[in-house]
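Take a look at the letters that make up each chain.
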Amino acid sequence: MEILKDGSLFATDKKNKTDGLKLLADINDEVITTAFFDPQYRGVLDKLSYGNEGASRGKARSELTQMDEETIKKFIAEINRVVKPSGHLFLWVDKYHLCTGVLDWFTDTDFNLVDMITWDKERIGMGYRTRRKSEYLIVFQKSPIKAKACWTIHNIPDVWSEKVEKNHPHSKPIELQKQLILATSKEGDTILDPASGGYSVFTATKAIGNRTFVGGDIEYGED
C-alpha cells in the first residue's frame, strides 16, 4: 500500500517543511511501523518559570513554535490512525511531563504504555535544584500488544548514554534511535517523525537502509 495519499504534495525520504498535522493528514491508514514524536512544548520553561529564555541556552528552545496540549492530542490521534496494529510510538518527554503524566493525551487511542528509556545526555542542563542530565522516551505499542514478534533486539538498556552534537534545540541520540528502529521494524517498513526538528530519525533511518522515512517540520526542512 502507498504511504502517501494520491495527489499528496509531500514526499518520502525527504525533509518536508510543513505543519506536521498537514503531513499526517496525507498519510494513509495503518502504513507506519514505527513512529517517533517529540512535541515542541515549553514544558519546564513555562511551568517552573526559569526565566532564562534570553540566555543562549534557553533562547533557541523558547523561539521554536510551541504546541499546546490540544495540538499534541491531535498529533497523537493522527499517529494512532496511521500506525499499523502492534506498531510502536516513541514519545520524548521532559522531567516535568514525566512526573505529571501524559496518559491523558492517549485517551480514545489504541496505544498502550509498554516501556520507558532514560537517555543520559552526558552533559548538564538547567535546574534550580538538581541539574537536568536526562530526557525520557516513553514506549507505546498499538493494540494488540505483542512483544517477541514485534521487538527483536533484546539488549537495549533502559538507561542509554549518548552524547550528541547539537544541530537543533531538540537534538536527539541517533544511535539509540537506530537501535529502536532495528528492534521494531524490518526491511521495507516505514518510519514516521511528524515533528522532525533536526531530523535525527531521518539520519538514523538512512544509516540503516532498506526502510522508508516520512516526516517533516514546520520550521526546518526543504520546501
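In case you missed it, the structure is sitting above this.
Colleague: Even after reading the chapter, I still don't get the environment of Gly221, so can you show me in this structure?
Modeller: Considering the arrangement of structural elements, one finds Gly221 in the segment after strand S8 (212–217). Owing to a relative accessible area of 37%, Gly221 belongs among the partly exposed residues under this scheme. Distance from Gly221 to Gly197, taken between C-alpha atoms, is 8.6 Å for residues 24 residues apart in sequence. Once you skip the residues sitting within four places of it in the chain, Gly221 turns out to touch Lys15, Lys17 and Tyr199.

Colleague: Honestly, the pairing of strand S3 (residues 83–93) in this entry has me stumped. Any pointers?
Modeller: As a general feature of sheets, a regular strand has side chains that alternate between the two faces. For S3, the buried fraction is high: nine of the 11 residues fall into the buried class. The pairing of strand S2 (residues 32–37) with S3 spans five bridges and is parallel. Across the sheet, Phe37 pairs through a bridge with Leu91, a residue of S3. Strand direction decides the pairing type here: S3 and strand S5 (residues 134–142), joined by six bridges, are antiparallel. Of the residues in S5, the one forming a bridge with Phe90 is Val139.

Colleague: Sorry, what's going on with the sheet that holds strand S4 (residues 111–120) here?
Modeller: Sheet strands associate in pairs through backbone hydrogen bonding, adopting either a parallel or an antiparallel arrangement. Strand order in the open sheet formed by eight strands is S1-S8-S7-S2-S3-S5-S4-S6, and the pairing between neighbours is mixed. A strand with exactly one partner marks an edge of an open sheet, and here the two such strands are strand S1 (16–17) and strand S6 (159–161). Across four bridges, strand S7 (residues 190–193) lies against S8 in parallel orientation. Counterpart to Leu192 in the pairing with S8 is Val214. Strand contacts of helix H7 (residues 200–208): S2, S7 and S8, with the helix running at about 165° to S8, the strand carrying the most contacts.

Cut-offs used in this document
- Residues numbered from 1 in each chain as written.
- Predicted model: local features only at pLDDT ≥ 70, side-chain atom pairs only at ≥ 80, totals over all residues.
- Heavy atoms only, no water.
- Helix = DSSP H or I, 4+ residues; strand = E, 2+ residues; numbered from the N terminus.
- Buried < 20%, exposed > 50% of the residue type's maximum accessible area, 1.4 Å probe, protein only.
- Contact = heavy atoms within 4.5 Å.
- Pairing = 2+ DSSP bridges.
- Axes fitted to C-alpha atoms, helices over the stretch in contact; angles between N-to-C directions.

Remember, this is a structural readout, not a statement about activity or role.
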